Structures are given as C-alpha cells and as structure tokens.
Amino acid sequence: MSLLIALFGLIFAGRLILKNYNPQAVLFLTGIAMMVIAVFTNDATFVDKSTGWLGFDIFEYIRNTFSNRAGGLGLKIMLIGGFAMFMSAIGASQVMVKVAAKPLMKLNSPYLMLALALILGQALSLFISSATGLGLLLMATLYPVLIRLGCSKAAVAAVLASTCAIEFGPGSGNSILAAQTAGMDITDFFVNEQLPVISILIVIIAGNHALVQRYFDSKMDPEEQPAQLQSDSDVTGTDAPLYYLLLPMLPLFFMLTFSKMGVGTIRVGMDTAILLSIFIGLVCEYIRHKHAKPVFVKLQVIFNDMGKVFATVVTLIIAGQTFAMGLKSIGAIEALLNLASSAGFTASVIVLFMAVLTFSISALMGSGNAAFFSFAPMLPQIAEKIGTNVADMILPIQLSAGMGRTISPIAGVIIAIAGLSGLSPFDIVRRTVIPMLSGWLIMLAITFSRSGQIMQILPFLVGIIALLAVITFIIKRRVNPQVASEM
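Sequence order as written defines residue numbering, which begins from 1 separately in each chain. Selection of residues for local features in this predicted model requires a pLDDT of at least 70, selection of side-chain atom pairs for listing and counting requires 80 or more, and totals for whole chains, interfaces and linings are taken over all residues. As a rule here, side-chain values come from all non-hydrogen atoms in the structure, and water together with hydrogens is ignored.

K.L.:
Explain the overall build of the chain to me, using residue names and the numbers behind them.
P.N.:
A run of DSSP states H or I qualifies as a helix once it reaches four residues; a run of E qualifies as a strand once it reaches two. Both are numbered from the N-terminal end. The number of helices and strands found in the chain is 22 helices and zero strands. Considering the chain as a whole, with its 487 residues, one finds that 51% of them fall into the buried category. Residue contacts are defined here by distance: any two heavy atoms, one from each residue, within 4.5 Å place the two residues in contact. Across the chain, the fraction of contacts at a sequence separation of at least 24, relative to all contacts at a separation of at least 6, is 78%. Residue-level accessible areas treat just the shown protein chains as cover; the underlying method is Shrake-Rupley with a 1.4 Å probe. For the chain, the accessible area works out to roughly 21,800 Å², and carbon and sulfur atoms hold 65% of it. This count recognises Lys and Arg as positive and Asp and Glu as negative, with His and chain-terminal groups excluded. Taken as the charge centre is NZ of Lys, CZ of Arg, CG of Asp or CD of Glu, depending on the residue. In the chain, 29 positive and 23 negative side-chain charges are present, and the distance between their average locations comes to 4 Å. Burial classes: relative accessible area under 20% of the type maximum marks a residue as buried, over 50% as exposed, and values in between as partly exposed (1.4 Å probe, protein chains only).

What follows is the structure, given as structure tokens:
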C-alpha cells in the first residue's frame, strides 16, 4: 500500500512540475500530504521532541529543517551563489572565460575544438557554478569562433549547453549536499570520490560529442550555412583587468591549500574560503575604482544575491527533504527495500535503480536539483539497510542528476542557449541525447567498477542499453514514414 501511495505522490508531483507549477510548493504539498496519511496509517513520528500533537509536529519538522539547513548547507550554497554573481558583476568571470578560450581560438580543426571547448567548459564549471551563466559566457566567447571554423549552430549550441552536465567540485550545490549526506568534507569528496571518475568521464563525453556533432552536421542540407552571432571584438562586455581572472579561483585555492592535502596545520572550510575571497574581491574593486561607496554597495548586492539563492535553491532543498520525509513516514523506503530483498536484488542494483530514477526525473523536470534534493536525504537510511558505503552509493546518483538535465528541453541552460542561437530547444536536445546517454552509462560502469560491483549490475546495464536501442529503433520507424510521405 505504501508503495502505491509513493508512486501516486511521485506521479502527482512530476505532472505538476512539468506543467510549470512551482517545484517548492509541489514538493511541500506532496510531502505534507504523505506525512498526514502516515499519521493515520503508519503511526509515524516526525520530530524528536513532539509539540504534543502530530498535526503540529509536521510543521515542527519543517521548521527544524529550515533551521538546520539555513545555517549549514544553506549558508554554503548562499555564499557560493552570492560569490558567483559578484564575480560576474565585476567582470572576473568574463575575463577568466576570455583568457581560457584564447588558446582554443588558434586551432583550425572545428570538431577537435568542439571537444576541447567542452573540456574547457567543464573545467570552468569549478569556478562558475551556474550552468546557464557559464553557457551564456561561452556563447559570447567561443560560439562565433566555432561557427567561423565551420561547425553548425546546433553543434556548437549542443556542446556549450553540456558544459555543466557533469556537476562536480566545491561550487556545486549537488556536490555539497552529496558530501554532507556521505558524512565527508567537501574537499575530500571532490578529490577522492569525484576527480577519479570525472577526469576520465569528461574526456570520453567530449570525444563522443565531437563525433556525434560531426555525424549530425554531415546529414545537414549543404545549403544550410551557419550564421555569425557577433564579432570577436565584443565577446565579454567587460573592461576588468587581466588579474581578475584569478579571483574566481580563490575559494578552491584556499580550500585545497589549507587542508590535509596542503598546509595541514591550518584548515579553511568552504564558508571561510568564500568570505575571504569576497573580501579580496572587494579590495580589488576599491583599488580599481578608487571609491569606497560603490564598493560598499556591491557588498549589499552580494547579500541580495544570497537572498535570491535562498529563495530558489535552499528552499528547494528543504522542500525536497520534506518530500523525502513523506516517503519515509508512509513506509515506502522500507517497503521498497523489503521488496528488493525478497526479489534477491543486491545493494548495487538498488543504487542503479536510484540512479536511473534520478536521471529520468531530471530529464523530465529540467532540473537536476529537484530530483537529487528529493532523493539524497533517503540514502543514508538505505545504505545502512543494505550494508553499503554512502559515498559509493551517492556518487552515481549525484552525477546522474546533471546529466539527465542536459537532455531536457525545458532546462534553463538549454532554453537560454537556444534563444541566443536562434534554435529550438529540441534542436539542441536531439544532439545532446546520445553523448549524455552514452556518457551516463560509462559513468555508471566507472563508479560501480571502483566499488567492485560492476559484475552485479552488468546484466541490468545490458538491459538498459537494449531498451534504449529498441526505443531508438521505434522512433526511427515512426519518423521515416513521415519523412517519406512529405517527399
């Protein structure tokens, strides 16, 4: 019964979000509804210290979640968001992208440059955490160059829209939540868990993208000529000095330098590293403009941007946790684990199922955050039940979120880049599907190989590949008759 209620809740929430209902409101509503059902069916408890009535305990749980998340994980994400927007406002992000893109502009091989552009974009995503922001910056710098080298608009747009597909590093909200859920320091999680996987994965996806875009371009009408977006002379719209390119790197520098991997006697956490970096950025702005008043105004702008991040991202985390509590309180997680156990499924198969679910929901919703924030709070309980390591379990699920978002036509980065390039979001997505799906399958193979569980999930991976092949064949069969009739 609990699984049926959970399935209905997932479908209900998914349909509303797909219809552009506010995701926070949907997740809160669905989570609270399941918690109310649990009061009557499962004798659930929601807080350690009850208010005296279970009806009030539901909202006491939400209050506790706001309190815990806003001061911990929420503060980190708000600081990251404020810092990222500050770097863009003073032109530091634009300078960084422009300088990093210069070596690529000297290449004469368009598809090699496409592959290197994706690698560059993923490297820059360490310092520019907004997928949409980074995509638009790369549209301003690399797009016109790649067009003039002979790549089609759709090929360039698809590659640049994929530059934040693999979410990693201390600047990613999903990474921070994954590290906290796994009980690890974000620096350790980044270096020891993410880097060994993504360093291989990024190169593979870059190569896949280049081959796929070359294939699609070869099938285009020869008369279709790519149009230029703008000239090289106005690619960043900033007069910031060259040394500003170092400013976005400061938080990562402080965190890596003053840790057990660097100067072990001094430890600088993420919050402190970002605050230090903001202070240095404000000092640089004062040196640049020689006036204190506008610098003080920019500090207030940072605070305002932090508030916007709280309203959009942190509240989504809290709503997702409320939704997860709803699933937990009705006994859905316990029932799912018991069902998997009775069916003889191993821990690795359950992790694979969660990764598939996260990837699929991210693709449907156009948001990796909504899917991952909803499922992450369940993982410690599941890991304890099935006897596996939370870090090994959470990494494939966390990486699935960003990759699923990149094949969604309603994702913010896809819509923004489609608008600038004059394409339909579907024109871009049809070129990102193959690189993302193949990259996602390779990511699963790598992560499960590292945990020694690849042989346990191999039949299921083969089944997923076969299912995708059948779906592709059916789509082609349906499309080809339509093309033939039009001719």
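K.L.:
Lay out the environment of isoleucine 317 in plain terms, naming residues and giving numbers.
P.N.:
Tracing the backbone through its elements, the reader meets isoleucine 317 in helix α14 (residues 292-329). With 141 residues separating them along the chain, isoleucine 317 and leucine 458 place their C-alpha atoms 33 Å apart. Residues within four places of isoleucine 317 in sequence aside, it is in contact with Arg69, Leu73, Ile77 and Phe373.

K.L.:
Describe the environment of leucine 252, listing the residues and the values that go with them.
P.N.:
Positionally, leucine 252 belongs in helix α12 (residues 250-257). Residue contacts for leucine 252: discarding those within four places in its chain leaves Leu126, Phe127, Pro170 and Phe190.

K.L.:
Residues and numbers for helix α9 (residues 153-161), please.
P.N.:
Spacing of three or four residues puts side chains on the same side of an α-helix, whose turn is 3.6 residues. α9 sits mainly inside the fold: eight of its nine residues count as buried. Within the sequence span of α9, burial applies to Ala154, Ala155, Val156, Ala157, Ala158, Val159, Leu160 and Ala161.

K.L.:
Now, about the packing of helix α5 (residues 92-101) against helix α7 (residues 131-141): what can you tell me, with residues and values included?
P.N.:
Only C-alpha atoms enter the line fits that serve as axes; for helices the fit covers just the stretch in contact. Angles between N-to-C directions range over 0 to 180 degrees. As a packed pair, α5 and α7 sit with axes 10 Å apart at the nearest point and diverge in direction by 50°. Here α7 runs oblique to α5, going by the angle between their axes. The handedness of the crossing between α5 and α7 comes out as right-handed. Here Ser93, Gln94, Val97, Lys98 and Ala101 of α5 come into contact with α7, specifically with Leu134, Leu137, Leu138 and Thr141. Any angle that is under 35 degrees is reported as roughly parallel, and any over 145 degrees as roughly antiparallel; angles of 65 to 115 degrees are reported as roughly perpendicular and all others as oblique. Crossings are sorted by hand: turned counterclockwise from the far helix by less than a right angle, the near helix makes the crossing left-handed, and turned clockwise it makes it right-handed.

K.L.:
Describe a nonpolar patch on the surface, listing the residues and the values that go with them.
P.N.:
Among the surface-exposed residues, Tyr243, Leu246, Phe279, Val283, Tyr286 and Ile287 lie close enough to one another that they form a single nonpolar patch of about 600 Å² accessible area. Note on placement: tyrosine 286 falls in helix α13 (residues 270-289). The exposure class assigned to tyrosine 286 is partly exposed, which follows from its relative accessible area of 43%. Residues qualify for a patch when their relative accessible area is over 30% and they have no salt bridge, like charges being joined within 9 Å and the nonpolar side chains of Val, Leu, Ile, Met, Phe, Trp and Tyr within 5 Å. What counts as a salt bridge is simple: a side-chain nitrogen of Lys or Arg found within 4 Å of a carboxyl oxygen of Asp or Glu.

K.L.:
How would you summarise the pattern of salt bridges if you had to cite specific residues and measurements?
P.N.:
Working definition: two side chains of opposite charge can pair if their charged atoms are close together. Scanning all chains against the criterion turns up eight salt bridges. The residue lysine 76 makes a salt bridge to aspartate 271 at a minimum N-O spacing of 3.8 Å. Taken together, the residues span a long stretch of sequence, with lysine 76 in helix α4 (residues 73-89) and aspartate 271 in helix α13 at a distance of 195 residues. For lysine 76, a relative accessible area of 22% puts it in the partly exposed group. Measuring nitrogen to oxygen at the nearest pair gives 3.1 Å for the salt bridge that ties arginine 288 to glutamate 285. Of the two residues, arginine 288 and glutamate 285 are both situated in helix α13; the distance of three residues between them amounts to about one turn of the helix. The exposure class assigned to glutamate 285 is buried, which follows from its relative accessible area of 0%. Linked by salt bridges that have partners in common, Glu285, Arg288 and Lys298 make up one network.

K.L.:
Residues and numbers for the packing of aromatic side chains, please.
P.N.:
Stacked, tilted and edge-to-face pairs are distinguished by plane angle, under 30 degrees for stacked and over 60 for edge-to-face with tilted covering the rest, among Phe, Tyr and Trp rings (Trp via its six-membered ring) whose centres lie within 6.5 Å. Under the counting rule described, the total for this entry stands at 10 aromatic pairs. Ring centres of tryptophan 53 and phenylalanine 56 lie 4.8 Å apart, and the angle between their planes is 90°; on these two criteria the pair is classed as edge-to-face. Grouping residues by exposure puts tryptophan 53 and phenylalanine 56 together as exposed. Between phenylalanine 168 and phenylalanine 190 the ring centres are 6.3 Å apart and the planes differ by 25°, which places this aromatic pair in the stacked class. Residue phenylalanine 168 is located in the loop between α9 and α10 (173-181), and its partner phenylalanine 190 is located in helix α11 (residues 186-218); the two are separated by 22 residues in the primary sequence. Judged by its relative accessible area of 4%, phenylalanine 190 is buried. Counting every residue linked through ring pairs, the aromatic cluster contains Phe28, Phe66 and Phe310.

K.L.:
Tell me what's going on with the nonpolar core, and back it up with residues and numbers.
P.N.:
To define a nonpolar core, start from buried Ala, Val, Leu, Ile, Met, Phe, Trp, Tyr and Cys residues and group those joined through side-chain atoms within 4.5 Å. The biggest cluster of nonpolar side chains holds 160 residues, and the ones touching the most others in it are Leu142, Phe372, Ile428 and Trp440. Broken down by element, the residue count for this core peaks at 14 residues, all from α14.

K.L.:
Account for unusual backbone geometry, with residues named and values stated.
P.N.:
What is expected of a backbone is that most residues other than glycine have negative phi and most peptide bonds are trans. A positive phi angle, close to 65°, is found at lysine 290, a residue other than glycine. Counting through the fold element by element, lysine 290 comes out in the loop between α13 and α14.

K.L.:
Run through the packing of α14 against helix α17 (residues 368-375), naming residues and quoting values.
P.N.:
Axis angle and axis distance: for two packed helices, these are the angle between their axes and the distance between the axes, and together they describe the pair. At their nearest, the axes of α14 and α17 sit 7 Å apart, and the two run at 45° to each other. Of the possible angle classes, the one that applies to α14 and α17 is oblique. As α14 packs across α17, the resulting crossing turns out to be right-handed. Residues Val313, Leu316, Ile317, Gly320, Gln321, Phe323 and Ala324 of α14 pack against Asn369, Ala370, Phe373 and Ser374 of α17. Gly is put with the polar residues, along with every residue not named as nonpolar or charged; the nonpolar set is Ala, Val, Leu, Ile, Met, Phe, Trp, Tyr, Cys and Pro, and the charged set is Asp, Glu, Lys and Arg. Residue composition of the contact of α14 with α17, by class: seven nonpolar, four polar and no charged.

K.L.:
Tell me about the environment of aspartate 188, residues and numbers included.
P.N.:
Of note, aspartate 188 is situated in helix α11. When the C-alpha atoms of aspartate 188 and proline 170 are compared, they prove to be 9.9 Å apart, with 18 residues separating the residues in sequence.

K.L.:
Lay out the side chain of serine 162 in plain terms, naming residues and giving numbers.
P.N.:
Locating serine 162 in the fold gives a position in the loop between α9 and α10. Residue class for serine 162 comes out buried when judged on its relative accessible area of 1%. What qualifies as a polar contact is a pair of N or O atoms within 3.5 Å, subject to a donor-acceptor requirement within protein and to the restriction that residues adjacent in sequence count only when both atoms come from side chains. A polar side-chain atom of serine 162 sits 2.8 Å from the main-chain carbonyl oxygen of alanine 158. The residues touching serine 162, leaving out its near neighbours within four places in the chain, are Leu118, Gln122, His209, Thr406, Thr432 and Met436.

Everything listed is a geometric property; what it means functionally is a separate question.
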